[in-house]
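Structure assessment
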Amino acid sequence: MKLHWQTHTYLLKFPFRIARSVRTQVESVCIELEHDGIVGRGEAVPSARYGESIESTIAFLQKLDLAEFPSPFYREDILDHADAMAEGNHAAKCAVDLALHDWMGKALGRPLHQIWGLNPARTAPCSYTIGIGTEEEIRHKLEEATDFPILKVKLGSEHDRKTMDTIRSLTDKKLYVDVNEGWKTRDLALERVRWLRDYGVLFVEQPMPAAQADDLRWLRDHSELPLMADESFIRLRNLPAVAQAFDGINIKLMKCTGLREAQRIIAAARALGMKVMLGCMIESSIAISAGAQLSPLVDYADLDGNVLISNDPFDGIRNTAGVLQLNDRPGLGLR
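Right, let's walk through the structure included here.

Cut-offs and rules
- Residues numbered from 1 in each chain as written.
- Predicted model: local features only at pLDDT ≥ 70, side-chain atom pairs only at ≥ 80, totals over all residues.
- Heavy atoms only, no water.
- Helix = DSSP H or I, 4+ residues; strand = E, 2+ residues; numbered from the N terminus.
- Expected span 1.5 Å × (residues − 1).
- Buried < 20%, exposed > 50% of the residue type's maximum accessible area, 1.4 Å probe, protein only.
- Arc of directions from axis to C-beta.
- Contact = heavy atoms within 4.5 Å.

Section: helix H11 (residues 259-271)
- For H11, with 13 residues, the first-to-last C-alpha span of 19 Å sits near the 18 Å given by 1.5 Å per residue.
- Within H11 the residues assigned to the buried category are Leu 259, Arg 260, Glu 261, Ala 262, Ile 265, Ile 266 and Ala 269.
- Phi turns positive, to about 75 degrees, at Gly 273, one or two residues after H11.

Written out as structure tokens, the structure reads:
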């Protein structure tokens, strides 16, 4: 097996603001895993929020030795080996996981969702993300999201009420709210959760910092809206603790190490009676198409990362008016 990689810079159509940052571009590492004339593709989009970077991703890949494995079909052994190499490095591990799955599907000549026996007509509805911005910026973003029936609104600033008023004056679409840890006290969080109900919001994602676990448990006991975990949830091992403070989880491949772990998380979350969303970073069609393969298994999809960039180097799963269209191309479905 040969492993190659190169970095990419994705340019955003609009400045992307959340409670803790603003970005106009995103860096990624795209990898190719080659064996028997077949190339599997993967992607890492490291996040500083989780202590990862382009440099740490490349350093991890440089240390990864696949010589002892005769084929990518030894997926379990390869992923166990990669996971044991070092703590963290979840995005790098995800890139390897995606490349292995893409290679496997191409070797078998089937898309992953078909190999897993999933019905492509049952993909979860996909939302379009509206970042924090001025009233004019929000109007432009809503125009861009005209065909999407569900909006995911970023809050977590002193302008939250104005943002919601602007959006509701322009649309009656279904709304999710994502605070990205932006509300720092339990009283503020409870106050805003209560008035968000009046705007018809369906759930609130990560209302407070992950480090405030006690406050999050208190908020869940008092909240009239369901709470979804994002920054509080990384991978399978911390699901039991998260289940005490949230009604559902947002699974992101870049955080949980990839498709193998995501499948395990979905099964465990269902056993705990939790709702499940598939989310993303700002990613190309490589990672978005990977996540979409699992979308028939979940309640919600927030897989719009490739829609937000202007220079996606790949064509993959199509997002048509908020409906994820799984194709019949093998592996991740990329071209």
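Here's the deal with unusual backbone geometry
- The residue Thr 257 is not glycine, and still its phi comes out positive at about 90 degrees.
- Structurally, the position occupied by Thr 257 is in the loop between helix H10 (253-256) and H11.
- Classification of Thr 257 as buried rests on a relative accessible area of 10%.
- The phi angle at Ala 321 is positive, at roughly 55 degrees, despite the residue not being glycine.
- Tracing the backbone shows Ala 321 in the loop between strand S12 (318-320) and strand S13 (323-325).
- Its relative accessible area of 36% is what places Ala 321 among the partly exposed residues.

Topic: helix H8 (residues 213-222)
- For H8, the full list of buried residues reads Asp 215, Leu 216, Trp 218 and Leu 219. In an axial view of H8, the angular spread of the buried residues amounts to 160 degrees, which keeps them on one side of the axis. Seen from the open side of H8, the exposed residues pointing more than 90 degrees away from its buried face are Asp 214 and Asp 221.
- Here the buried face of H8 lies against helix H7 (186-197) and strand S8 (227-229).

Honestly, that's just the spatial picture; any functional story needs more than this.
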